[in-house]
Amino acid sequence: MSLSPAVADSSARSQLKKRFDVDRVRLDFPALAQRVHGKPLVYLDNAATSQKPRAVLEAMEHFYTADCSNIHRGVHELSERATAAYEKARGVVRRFINAGVDQEIIFVRGATEAINLVAATYGRRNVQAGDEILLTALEHHSNIVPWQILAEEKGARIRVAPINDAGEVRMDEFAAMLTPRVKLVSTAHVSNALGTVVPVRQMIELSHRQGIPVLVDGAQAVPHLKVDVRALDADFYAFSAHKVYGPTGFGVLYGKRALLEAMPPYQGGGDMISSVSFEKTTYNVLPYKFEAGTPHIAGAIGLAAALDYVTGLGQEAVEEHERGLLEYGTGLLTAIPGLRLIGTAREKAGVLSFVLEGIHPHDAGTILDQEGIAVRTGHHCAQPVMDRYGIPATTRASLALYNTRAEMEALAAGIRKVQEVFAL
Ligand SMILES: Cc1ncc(COP(=O)(O)O)c(C=O)c1O
């Protein structure tokens, strides 16, 4: 007997649910077991950086204890092992974001450096006086300041597609701003301050119709959503390892090969050249043209271990778990009188940003910390977002795959406690 599609679908879904056992997953993250101020740690600062699973810690330790050597130039065994691990990591990243070839994966220090790289190379070459760079109103400073530096140097102009009160990009306004003066669109995939999932596929399609390339800042998307750079047709895609359970100080710039080939190098130094004389230097092929100097080898190895870890859990299962958690947390928080959620987009991922009537976010964060609850307070490097809502700061709880419904309840209880303290 064969199952009807509906029954088969629901049984597949329940298997998916069964497979994702958050209590078991938590055991993979040693940092989560600690107590803070005598309370079990509730780590909800994942948009700033996430905790690392043992698989990442062990992969990096293995490199430093057994394979530590410089890459690409050595003929000895350790150097060959290190080079193989570093280049294998590139393949892991390529598959994870479904890029076409390894040469399109440039290893950098993080999303910030990836964006600066594009601004300093593609931007310098292609943006001239009077041109425009189009951003959105929900960008992180990392996706604003590099373009301002470029615009200042070139006499170009930054334009900003507005957001509505829910924190969604106004697509009508965005489309209207795509004039021939725009030489590049750069947008977040997910907002770190609001949690909005930006419709980047649609924005890329609209931009490409006008022949405008698009950079997507995926720093907050890669930890939460399955990203397929080819399905998106993104020209550039940037993300950081440390937000997706990998090490700090490491990240990725994906770029379409033809664009990367045409771009001048970013920094000069070892490894990015094929020959050097005082008269003339010729540059190395992709991706090495953009990787000057000894890279963060252990960083690449750690990132690959992190991505393998997430793949092993099943990205769909992770997404479903996080979606349920966000819905549950949203329900609990919106039931608290005097709490206002900042960022209520229909499509959201990973972030619960809020303000409490009459209570400064820093005070809220400090009291929550006493309860063992780690959240972030401030402008979240997105001051224009705060200005848009007319507030100086928010308290932000941000989720990861290891968070639980009990932690959402602890957060809600912690917030009520904050309110009690201030009611006195
Ligand atoms: C949306 C967004 N873009 C860029 C960045 C910068 O990432 P990094 O500091 O790892 O370079 C962040 C970090 O919070 C972010 O949230």
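So, here is what we can say about the structure in this document.

Thresholds applied
Residues numbered from 1 in each chain as written. Predicted model: local features only at pLDDT ≥ 70, side-chain atom pairs only at ≥ 80, totals over all residues. Heavy atoms only, no water. Helix = DSSP H or I, 4+ residues; strand = E, 2+ residues; numbered from the N terminus. Buried < 20%, exposed > 50% of the residue type's maximum accessible area, 1.4 Å probe, protein only. Polar contact = N/O pair within 3.5 Å; in protein donor to acceptor, adjacent residues only side chain to side chain. Contact = heavy atoms within 4.5 Å. Core = buried A, V, L, I, M, F, W, Y, C linked by side-chain atoms within 4.5 Å. Near = heavy atom within 4 Å. Areas by Shrake-Rupley, 256 points an atom, 1.4 Å probe, with all protein chains shown as cover. Nonpolar A, V, L, I, M, F, W, Y, C, P; charged D, E, K, R; others polar.

A look at the side chain of Glu 291
(1) Moving on: Tracing the sequence through the fold places Glu 291 in the loop between β12 (281-283) and α11 (297-313).
(2) Moving on: Overall, Glu 291 belongs to the buried group, its relative accessible area being 6%.
(3) Moving on: Here the side chain of Glu 291 touches Arg 90 through a polar contact of 2.7 Å, side chain to side chain.
(4) Moving on: Those residues in contact with Glu 291 that lie beyond four places of it in its chain are Tyr 86, Arg 90, Ile 105, Ile 106, Phe 107, Gly 270, Asp 271 and Met 272.

Quick look at the nonpolar core
(1) Moving on: In terms of nonpolar packing, the biggest core is built from 88 residues, with Phe 174, Tyr 237 and Leu 401 touching the most fellow members.
(2) Moving on: Looking at this core, the element that brings in the most residues is α11, giving 12 residues.
(3) Moving on: With 25 residues, the next largest nonpolar core counts Tyr 122, Val 127, Trp 147 and Ala 238 among its residues.

Points about the site of the ligand
(1) Moving on: Near the ligand the following residues occur: Gly 110, Ala 111, Thr 112, His 140, Ser 142, Asn 192, Asp 217, Ala 219, Gln 220, Ser 240, His 242 and Lys 243.
(2) Moving on: In the environment of the ligand, an oxygen atom lies 2.6 Å from a nitrogen or oxygen atom belonging to the side chain of Thr 112.
(3) Moving on: In the model, an oxygen atom of the ligand is placed 3.3 Å from a nitrogen or oxygen of the His 140 side chain.
(4) Moving on: Protein contacts shield 85% of the accessible area of the ligand, which totals 400 Å² for the unbound molecule.
(5) Moving on: Each residue belonging to the shell around the ligand can be placed in one class, and the counts come to two nonpolar, eight polar and two charged.

A word on the environment of Leu 44
(1) Moving on: Relative to the assigned elements, Leu 44 resides in the loop between β3 (42-43) and α3 (54-67).
(2) Moving on: With 306 residues separating them along the chain, Leu 44 and Gly 350 place their C-alpha atoms 9.8 Å apart.
(3) Moving on: Look past the residues within four positions of Leu 44 in its chain and what remains in contact with it is Ile 373, Ala 374, Val 375, Arg 396, Ala 397, Ser 398, Leu 399, Asn 403, Glu 407, Met 408 and Leu 411.

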